[in-house]
Amino acid sequence: MLEIRNLVCRYGKVTAIKGISLKVPEKQLVVLVGANGAGKSTTLRAVSGLVPAASGQIIFDGTDITGLSPSRILALGIAHCPEGRRVFPYMTVIENLEMGCYLRSDTKEIAADMDRIFGLFPRLAERRRQVAGTLSGGEQQMLAIGRSLMSRPKLVMFDEPSLGLAPNIVEQTFDIIRGIRASGTTVLMVEQNAYAALDMCDYAYLLEAGTMPLEGTGEKLINDPHVREAYLGAGMAHA
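Residues numbered from 1 in each chain as written. Predicted model: local features only at pLDDT ≥ 70, side-chain atom pairs only at ≥ 80, totals over all residues. Heavy atoms only, no water.

1. Comments concerning the overall build of the protein chain
Here is step 1: When its secondary structure is counted, the protein chain shows ten helices and ten strands.
Here is step 2: Taking 239 residues into account, the globule formula puts the C-alpha radius of gyration at 18 Å, and the protein chain, at 18 Å, falls close to it.
Here is step 3: When the backbone C-alpha atoms are referred to their principal axes, the protein chain occupies close to 50 × 40 × 30 Å.
Here is step 4: Burial analysis of the protein chain (239 residues in total) assigns 48% to the buried set.
Here is step 5: Pairs at least 24 residues apart make up 66% of the contacts formed inside the protein chain by residues separated by at least 6 positions.
Here is step 6: Total accessible area on the protein chain is roughly 11,100 Å²; 50% of this is exposed by carbon and sulfur atoms.
Here is step 7: Across the protein chain, the mean location of the 25 positive side-chain charges is 5 Å away from that of the 25 negative side-chain charges. (Helix = DSSP H or I, 4+ residues; strand = E, 2+ residues; numbered from the N terminus. Rg over C-alpha atoms; globule rule 2.2 N^0.38 Å. Buried < 20%, exposed > 50% of the residue type's maximum accessible area, 1.4 Å probe, protein only. Contact = heavy atoms within 4.5 Å. Areas by Shrake-Rupley, 256 points an atom, 1.4 Å probe, with all protein chains shown as cover. Lys, Arg positive; Asp, Glu negative; His and termini not counted. Charge placed at Lys NZ, Arg CZ, Asp CG, Glu CD.)

2. A look at the sheet that holds strand S2 (residues 14-24)
Here is step 1: Read from one edge of the open sheet, four strands run S2-S1-S4-S5, paired in antiparallel fashion. Unpaired on one side and paired on the other, S2 and strand S5 (63-64) mark the two borders of the sheet.
Here is step 2: As judged from the two bridges shared by strand S4 (residues 55-60) and S5, these two strands associate in the antiparallel manner. Looking at S5, one finds that Ile 59 is bridged to Asp 64.
Here is step 3: Against the sheet, helix H1 (residues 40-47) engages strand S1 (2-11), S2 and S4, with an angle of about 110 degrees to S1. (Pairing = 2+ DSSP bridges. Axes fitted to C-alpha atoms, helices over the stretch in contact; angles between N-to-C directions.)

3. Here we look at helix H6 (residues 137-149)
Here is step 1: Helix length check: H6 (13 residues) gives 19 Å between terminal C-alpha atoms against 18 Å at 1.5 Å per residue, within 8%.
Here is step 2: For H6, the tally of buried residues reaches twelve of 13 residues, placing the bulk of the element in the interior.
Here is step 3: Taken as a whole, H6 has its buried residues at Gly 138, Glu 139, Gln 140, Gln 141, Met 142, Leu 143, Ala 144, Ile 145, Gly 146, Arg 147, Ser 148 and Leu 149. (Expected span 1.5 Å × (residues − 1).)

4. A few points about the side chain of Ser 162
Here is step 1: With respect to the element layout, Ser 162 can be found in the loop between strand S7 (155-159) and helix H7 (167-182).
Here is step 2: Judged by relative accessible area, which is 5%, Ser 162 ranks as buried.
Here is step 3: Contacts of Ser 162, omitting those with residues within four sequence positions, involve Val 170, Phe 174, Glu 191, Gln 192 and Asn 193.

5. Comments concerning the nonpolar core
Here is step 1: Ranked by size, the top nonpolar core spans 49 residues in total, and within it Val 31, Phe 158, Met 189 and Leu 198 carry the most contacts.
Here is step 2: Contacts of Leu 198, omitting those with residues within four sequence positions, involve Val 31, Val 33, Ala 204, Gly 218, Leu 221, Ile 222, Val 227 and Leu 232.
Here is step 3: Of all hydrophobic cores here, the second largest spans 26 residues; its members include Ile 20, Leu 32, Ile 73 and Tyr 205. (Core = buried A, V, L, I, M, F, W, Y, C linked by side-chain atoms within 4.5 Å.)

6. Quick notes on the state of the cysteines
Here is step 1: Under the counting rule described, the total for this entry stands at zero disulfides.
Here is step 2: Here Cys 201 stays unpaired: no disulfide links it, and the sulfur of Cys 81, its closest cysteine neighbor, is 19 Å away. (Disulfide = S-S within 2.5 Å.)

7. What to know about the sheet that holds strand S9 (residues 203-208)
Here is step 1: One open sheet accounts for six strands, arranged S6-S7-S8-S3-S9-S10; its pairing is mixed. At either margin of the open sheet sits one strand with a lone partner, and together these are strand S6 (78-81) and strand S10 (211-216). With strand direction ignored, the average angle separating the axes of adjacent strands in the sheet is 15 degrees.
Here is step 2: Examined bridge by bridge, S7 and strand S8 (residues 186-190) share five bridges and lie parallel to one another. Residue pairing for S8: Leu 155 is matched across the bridge by Thr 186.
Here is step 3: Seen against the sheet, H6 touches S6 and S7 and runs at an angle of roughly 170 degrees to S6.
Here is step 4: Each of strand S3 (29-33), S7 and S8 is contacted by H7, which is oriented at about 150 degrees to S8, the strand it contacts most.

The following block contains the structure:
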């Protein structure tokens, strides 16, 4: 469904992505793991059109989307749930969800999707008239996920979905993402909790300093000595 070919991205004179290639097959959950600053978020931002590609190609559903505007990429079926949730703090829960489907005009289907989101997140249903900035971190993450689903994406990208959340909310968030994948939506995820990400994925890529030195199943990366030492903690070396 998504293929990145020899992607290079730069911020000024700094090359953040150095010719990476990856594939995200339809209806699979693929994760990117690596240290802060490795280029994981830049990769997602390049796919969604927020960071220009210096060279390389991004192919989605057979279409070259390299250089397209973010709104055009969204219309083609890619939703981006950004790091830090980025809800609109002075808008209500309902208004935030409506922002997720601003390109759509199918009113009845939008209403049905809104009901589906409230069924998935009962807490949001209770707070539908509440201003988003007053929600807890976990509730804001639910809202960010719900907003991304309102566009009916073929592919949804999650950038650090567990960041800053309490442990019980983290597990709930991962369960929701598993459910999204199980429903047939393709998922590409960047996640700081490497072990959890590798444990739940279909395939994984390791990013280091803008390069991809390793890829494979989650099990392969979990059992790789370098990954265990660098990203899974010293305790994993004896697990």
